[in-house]
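Observations on the three-dimensional arrangement
Residues per chain, in single letters:
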Amino acid sequence: MSGLWPFLVIGLFSGSIYALASMGIVLTYKTSGVFNFAYGGIAMFCGFTFWQLRDGWHISSWLSLPLLLLVVAPVMGLAAEYLFRAVITLSAEIQIVIALAVLAFLQALVPIFYGGSERSLNSIFPTSTFRLGSSLHVSWTQLFTLLLAVAAALALSGLLSRTRLGLATRAVVDNRDLAELNGVSSDGVSRLAWVISTVFAALAGVLLSSTVGLDTYSLVLFFIYAFAPAVLAKLVNLPAAFGWALGLGVLQSVLQKYGSSGNVADFESALPYLALFGALVFYGNALKEIRSSFRTITVSAPNRDPRRFAGSVAAVVIGLAILPLLIHGSALGDVSTALIYAAIALTLVVLTGWAGQISLAQFSFVGIGAFTAGHLAGAGGKGFLWAAVVGALIAVPFGIAVGLPSLRLSGLFLALATMAFALIMDTLVFPRNWVSGGYTGTTVARPDIFGIRFTGTLSFYWLSAILLGAYALGASLLNRGPVGRRLQMMRDAPLGASTFGVNLTLTKLAVFAGCGAAAAFAGAFYGAMRLTVDPNDFAFGASLELLLLVVLGGRALVPGGMVAGGIYLMQLLPLSSTVESYIPLGVAVGAVALAQYPEGPTTRSAEYMRYFSALFRRRPLRELTDGRLVPIVFSSRRRITSEPAEVADAR
Amino acid sequence: MPAEDPLLSVREVTVHFGGVTALSRVDLEVNRGTITGLIGPNGAGKTTLFNVITGLVTPRSGRVRFDGTDITGWPRHRRGRAGIARTFQRLELFGGLTVHDNLLAAWEASVPGAVLGMRRGEGRRVVDEVIEKLGLGELAGRVAGQLSTGQGRLVELGRALAARPRILLLDEPSSGLDQAETEHFRDLLLGAVGRESGEPAVLLVEHDVALVMEICDRITVLDFGQRIAEGLPAEVRSDPRVVAAYLGDSDAA
Ligand SMILES: Nc1ncnc2c1ncn2[C@@H]1O[C@H](COP(=O)(O)OP(=O)(O)OP(=O)(O)O)[C@@H](O)[C@H]1O
Ligand SMILES: [Mg+2]
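Residues numbered from 1 in each chain as written. Chains lettered and ligands numbered in written order. Predicted model: local features only at pLDDT ≥ 70, side-chain atom pairs only at ≥ 80, totals over all residues. Heavy atoms only, no water.

Take the overall build of chain A next. In terms of helices and strands, chain A carries 28 helices and 10 strands. For chain A, the residues scored as buried account for 56% of the 651 residues in total. The long-range share in chain A, meaning contacts at least 24 apart out of those at least 6 apart in sequence, stands at 78%. (Helix = DSSP H or I, 4+ residues; strand = E, 2+ residues; numbered from the N terminus. Buried < 20%, exposed > 50% of the residue type's maximum accessible area, 1.4 Å probe, protein only. Contact = heavy atoms within 4.5 Å.)

Before going further, it helps to examine the overall build of chain B. Counting its secondary structure elements, chain B contains 10 helices and 10 strands. Expressed along its principal axes, the backbone C-alpha trace of chain B runs to roughly 55 × 40 × 40 Å. Working note: accessible area of chain B is about 10,700 Å², and carbon and sulfur atoms make up 49% of it. (Areas by Shrake-Rupley, 256 points an atom, 1.4 Å probe, with all protein chains shown as cover.)

So, on to unusual backbone geometry. Residues and elements named next belong to chain A. The backbone phi angle of Phe-450 is positive, close to 50°, even though this residue is not glycine. Within the fold, Phe-450 resides in the loop between strand E7 (448–449) and strand E8 (452–453). In this structure Phe-450 comes out as exposed when scored by relative accessible area, which is 76%. Its identity as a non-glycine residue notwithstanding, Leu-531 has a phi of 75°, on the positive side. Mapped onto the elements, Leu-531 comes out in the loop between helix H22 (504–530) and strand E9 (532–533).

So, on to the interface of chain A and chain B. The interface of chain A with chain B comprises 32 residues on the first partner and 38 residues on the second. Summed over both sides, the interface of chain A with chain B buries roughly 3,000 Å², with 58% coming from carbon and sulfur. For chain A, the biggest contributors to the area lost against chain B are A:Arg485, A:Thr499 and A:Phe500; these three give 26% of the whole. Here chain A is connected to chain B by 1 salt bridge. Between chain A and chain B we count 9 residue pairs in polar contact (both at pLDDT 80 or more) in total. When contributions to the side of chain A that touches chain B are tallied by element, the ones reaching two or more residues are helix H20 (482–492) and helix H21 (494–499) of chain A. (Buried area = accessible area lost by both parts, 1.4 Å probe. Salt bridge = Lys/Arg side-chain N within 4 Å of Asp/Glu carboxyl O. Polar contact = N/O pair within 3.5 Å; in protein donor to acceptor, adjacent residues only side chain to side chain.)

Quite often, the size of an interface is put as the accessible area lost when its parts meet. All names here are of chain B. Taken domain by domain, chain B comprises domain 1 (1–83 + 166–253) and domain 2 (91–164). Each of domain 1 and domain 2 has a C-alpha centre, and these two points are 24 Å apart. Facing 14 residues of domain 1, the contacting portion of domain 2 comprises 11 residues. With both chains or domains summed, domain 1 and domain 2 bury close to 970 Å², and 67% of this area falls on carbon and sulfur atoms. Taken together, the links from domain 1 to domain 2 amount to 0 salt bridges. Looking at the side of domain 1 that touches domain 2, the elements that each hand over two or more residues are helix H2 (76–82), strand E7 (167–171) and helix H6 (179–192). Counting residues per element, the side of domain 1 that touches domain 2 draws most heavily on H6, which supplies 4 residues. Class assignment of the residues belonging to the side of domain 1 that touches domain 2 gives a composition of 7 nonpolar, 3 polar and 4 charged. (Domains from an automatic or database assignment. Nonpolar A, V, L, I, M, F, W, Y, C, P; charged D, E, K, R; others polar.)

On the protein side, the magnesium ion (ligand 2) has B:Thr47 (OG1) and B:Gln89 (OE1) as donor atoms, found 1.9 to 2.1 Å from it. Of the two residues, B:Thr47 sits in helix H1 (residues 46–54) while B:Gln89 sits in the loop between strand E6 (84–86) and helix H3 (99–110), which places them 42 residues apart along the sequence. (Donors = N, O, S within 2.8 Å, 3.2 Å for Na, K, Ca; no water.)

A word on the sheet that holds strand E8 (residues 201–205) of chain B. Residue and element names in this part refer to chain B. Strand order in the open sheet formed by 6 strands is E6-E7-E8-E3-E9-E10, and the pairing between neighbours is mixed. At either margin of the open sheet sits one strand with a lone partner, and together these are E6 and strand E10 (226–231). For this sheet, the mean inter-axis angle between neighbouring strands, taken without regard to orientation, is 15°. One ladder, built from 3 bridges, connects E6 with E7; its direction is parallel. Directly across from Ala-85, in E7, lies its bridge partner Leu-168. (Pairing = 2+ DSSP bridges. Axes fitted to C-alpha atoms, helices over the stretch in contact; angles between N-to-C directions.)

One pass over the structure, following the stated rule, counts 22 salt bridges over all chains. For A:Arg54, the salt bridge is made with A:Asp55, and the minimal N-O distance between the two is 2.8 Å. Residue A:Asp55 is classed as partly exposed on the basis of its relative accessible area, which comes to 23%. For B:Glu214, the salt bridge identified is with B:Arg186, shortest N-O distance 3.0 Å. Of the two residues, B:Glu214 is situated in helix H7 (residues 209–215) and B:Arg186 in helix H6; the sequence distance between them amounts to 28 residues.

Turning our attention to the confidence of the model for chain B. Model confidence for chain B is summarised by a mean pLDDT of 89, while 96% of its residues fall at 70 or above. This complex was scored by the predictor with a pTM of 0.88 and an ipTM of 0.91. (pLDDT = per-residue confidence, 0-100.)

For the rest of this paragraph, the subject is the packing of aromatic side chains. What characterises a pair of aromatic rings is the spacing of the ring centres plus the angle enclosed by the ring planes. Residue and element names in this part refer to chain A. What the rule picks out here adds up to 28 aromatic pairs over all chains. Measuring from ring centre to ring centre gives 5.5 Å for Phe-222 and Tyr-225, while their planes differ by 75°; the resulting arrangement is edge-to-face. According to the relative accessible area criterion, Phe-222 is partly exposed, its value standing at 26%. Members of the aromatic cluster, each reached through a chain of ring pairs, are Tyr-341, Phe-363, Phe-371, Phe-430, Tyr-526, Phe-538 and Tyr-568. Seen from the ring of Trp-51, Arg-119 lies directly overhead, with NZ or CZ sitting 4.3 Å from the centre. Arg-446 extends its terminal NZ or CZ atom over the ring of Phe-460, reaching a point 4.7 Å from the ring centre. (Phe/Tyr/Trp six-rings, centres within 6.5 Å; stacked < 30°, edge-to-face > 60°. Lys NZ or Arg CZ within 6 Å of the ring centre and 35° of its normal.)

Time to look at the pairing of strand E4 (residues 61–66) of chain B. All names here are of chain B. Burial along E4 is one-sided: Gly-62, Val-64 and Phe-66 are buried, while Ser-61, Arg-63 and Arg-65, pointing the other way, are not. Bridge count for strand E1 (residues 8–17) against E4 is 5 bridges, and the pairing is antiparallel. Each residue of the ladder has a partner; that of Thr-14, found in E4, is Ser-61. The sheet contact formed by E4 and strand E5 (residues 69–70) spans 2 bridges and is antiparallel. Looking at the pairing, Arg-65 lines up with Asp-70 of E5. Counting the residues that bridge the hairpin from E4 to E5 gives 2 residues, and of these Asp-67 lies at a positive phi of roughly 50°.

All names here are of chain A. Locating Val-366 in the fold gives a position in helix H15 (residues 362–376). Residue classification places Val-366 among the buried residues on the basis of a relative accessible area of 0%. Separated by 172 residues in sequence, Val-366 and Phe-538 place their C-alpha atoms 7.1 Å apart. Not counting the four nearest positions on each side in its chain, Val-366 is found in contact with Ile-344, Ala-519, Ala-520, Gly-523, Tyr-526 and Phe-538.

Right, let's get into the nonpolar core. Residues and elements named next belong to chain A. Grouped together as the largest cluster of nonpolar side chains are 254 residues, with contacts concentrated most on Phe-37, Leu-416 and Met-419. If one sorts the elements of this core by residue count, helix H14 (residues 330–354) sits on top with 16 residues. Sequence-distant contacts of Leu-416, defined by excluding residues within four places in its chain, comprise Phe-35, Phe-37, Phe-227, Val-231, Leu-276 and Leu-280. (Core = buried A, V, L, I, M, F, W, Y, C linked by side-chain atoms within 4.5 Å.)

Turning our eyes to something else, we now look at the side chain of B:Arg86. Position of B:Arg86 among the secondary structure elements: in strand E6. Buried charge without a partner: B:Arg86 forms no salt bridge, and the closest opposite charge is B:Asp171, 4.0 Å away. Among the polar contacts listed, one links the side chain of B:Arg86 to the side chain of B:Asn51, at a separation of 2.7 Å. Separated by 3.1 Å, the side chains of B:Arg86 and B:Thr54 make a polar contact. Not counting residues within four places of it along the chain, the set of residues in contact with B:Arg86 comprises A:Thr499, A:Phe500, B:Thr47, B:Phe50, B:Asn51, B:Thr54, B:Leu56, B:Glu156, B:Ala160, B:Leu169 and B:Asp171. (Lys, Arg positive; Asp, Glu negative; His and termini not counted.)

Moving on to the environment of B:Glu156. Residue and element names in this part refer to chain B. You can see Glu-156 is positioned in helix H5 (residues 149–162). On the basis of relative accessibility, which here comes to 1%, the residue Glu-156 falls in the buried class. Taking the C-alpha atoms as reference points, Glu-156 and Phe-88, separated by 68 residues in sequence, lie 7.5 Å from one another.

All names here are of chain B. With antiparallel pairing, 4 strands are arranged side by side in an open sheet as E2-E1-E4-E5. Either end of the sheet is taken by a strand with one partner, and the two such strands are strand E2 (20–30) and E5. Inspection of the sheet shows E1 paired to E2 by 7 bridges, in the antiparallel sense. Following the sheet pairing, Ser-9 is matched in E2 by Glu-29.

In structure tokens, the structure reads:
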């Protein structure tokens, strides 16, 4: 038993940090309905800012800490509130993508602002230890962190229970519209909540980075741990979030004690993800999406002109055919990767764009396909096609597993569940040696299909183009046919669809399984392109990026998937490192612009092109544009029709 | 005979939402080839009763029988395929699909195998017929999400008809329509009900009492979740409890 105490101390320390973070997440969700996926990014950025202030510019702790907590964090909080207020009524995937874009933006900003993406930060508290009892050593940092978390929780609960502001907050949480009617400024409440939440993020960031180090990537991942206690508290109950966070920290740390063997160690890091997944599935419908009102985006009628279709297909085919004349070598290889990436993106167009099911786990399926191909395709690529098919079949039960939460969850909560699934795959499945060969990776042979070997860069390029062509054609046919209609029925009005005879359970599971299998099939080619693959290639971040690019490209359109591949290609091109560091920034700014143009640039540019081509014709503009385009150009907001909150009378 | 063998019968259905009793031991019958009216003040439980019939709400007790079969425990989609089609008071259109595709999708959902591409010609024929009958030709290519509420109600009706229903449940189909549109709608409805063949029968929730009295064969009246009257329009009109429920609203409030 006595051996357990040190782990308890460590657990309370990390639990305290999770507690700050999960309370911060709950607070903004409660008051504004935004689940802040960028929370870790804000914490990370604050950590770097503190490093710059204290260690970079040598401003004393006594000044730099207040500067961070009272100036920088509140300003960031207000900026975030301003940004998210604009998107609160948009669909969940847009909200998520914008939060992800903020995250990417902050990650890209750090090296530009602070000249590096890794730092080591000393604790703000003394690191010396004192003895508790006979043998237990506790550092002052650990003690003060716990005290700080407790103090923050008490201050927050005091604020919410004793003051008029607390009353206003509760009114807003209960019913935003009613609160507004009674003269409570819900914007004021949500601004304050964002400020407090960001201050908590800054504290947690500074505290955490002094023990796990300060870098733009892993620090952000660490904060995903705090999602679990937040969801366990149903995203509204602050004391519960605090309690679950401490419990999670302690449990994780105790597992660490027994964690010398590999399995337990993996389980320890997977624990928060398992808890997150379990909580979401368990609570199911009891989780409440807090929205003042829904706005549905009106989409314009799909252009079904066969000539136009044939024209764009011809343009793409000709473009792909002459490309190898212009570029070769590794650049052509990059294009092949992007073509396969676009094929993968199309599976997400079907799943998210048409069926309305958000998935943050699509790259896990790509991984399943790639590793299967690595194991099963013989040397020289014999049997590659079979290996790809087997990979697709293996992906089916996994697809059903991700699909199961979708039976009870949608929107934000489904996104969180799929995210947890991807992270569980990352920690428990992919690192296994027999799955992936561990972090040294697996080699995947270039395919030999029907006796044709696609080993060289050029031949593999053709193969990738054929793959994308097949996927694009398949998706277009699907969209025009009954299956596409069925998916869109389910997306637009699940209640209506089910009363007309659509079996939602079956349809959801089938679309998750089908899109997973398609992604896995393409994954075999993705693996063959890279030659060796390891678990990092399919980590959760890759799935996030895929969703980001697909939404940015236009999630409801086949060309949107191709645009996603195009943006991906830009990131691969050999550019100077300065330009490269600005690309994520560009992507982030583009994604934020989505708040204005939720349908993605593809639809928009099609509309603009119609508009401009109309200018050069002699037909009246109105006729060509349904009289709709002029208001679109001048006020995009106008097109968003506002509807009262769907209370889903019947669920 | 219709009176002995109703197409739809609801027996003693009770529904609670938390502390609210939305329906308490409600009975309802719809005979083949007829229009049955379901009226009552706001919050009487009309929409809830529709939700019970279509499977969106599970009743605490009571049974629903359709064409002699007990369907109380059936999942929604099975009821849809069995021939129960409805419109929604709060529109539930497939906003991203065109009007034409809304109708086609409803037909496909109600016909086994249609999602795999079977009987495609028949689907197009049915949809074209309904579009023709309702005069939706102008709107057919428009995206449903861009329609006005009035147009949306018409499309909801068309969608329900395209599903080839055996019974048609209409939830306030004329609300938001102007005088001329309402008259147009009344004619459509009278044309839609299968007087001869017995199908579809219609169950109509409607606030326009004059319209209900005019076109319904029988009327059921709900108030505070209870059935307070049932009978021919003339009987219901003169029923003192109905008069009290409608006029007495202000006393109760
Ligand atoms: N999902 C729900 N949760 C809680 N209460 C509900 C729900 N749906 C309906 N109710 C309540 O049940 C009662 C009956 O509502 P219902 O919508 O069936 O009435 P209605 O007769 O259709 O009224 P209206 O004429 O306004 O459409 C009302 O008191 C309503 O507030
Ligand atoms: Mg109603």
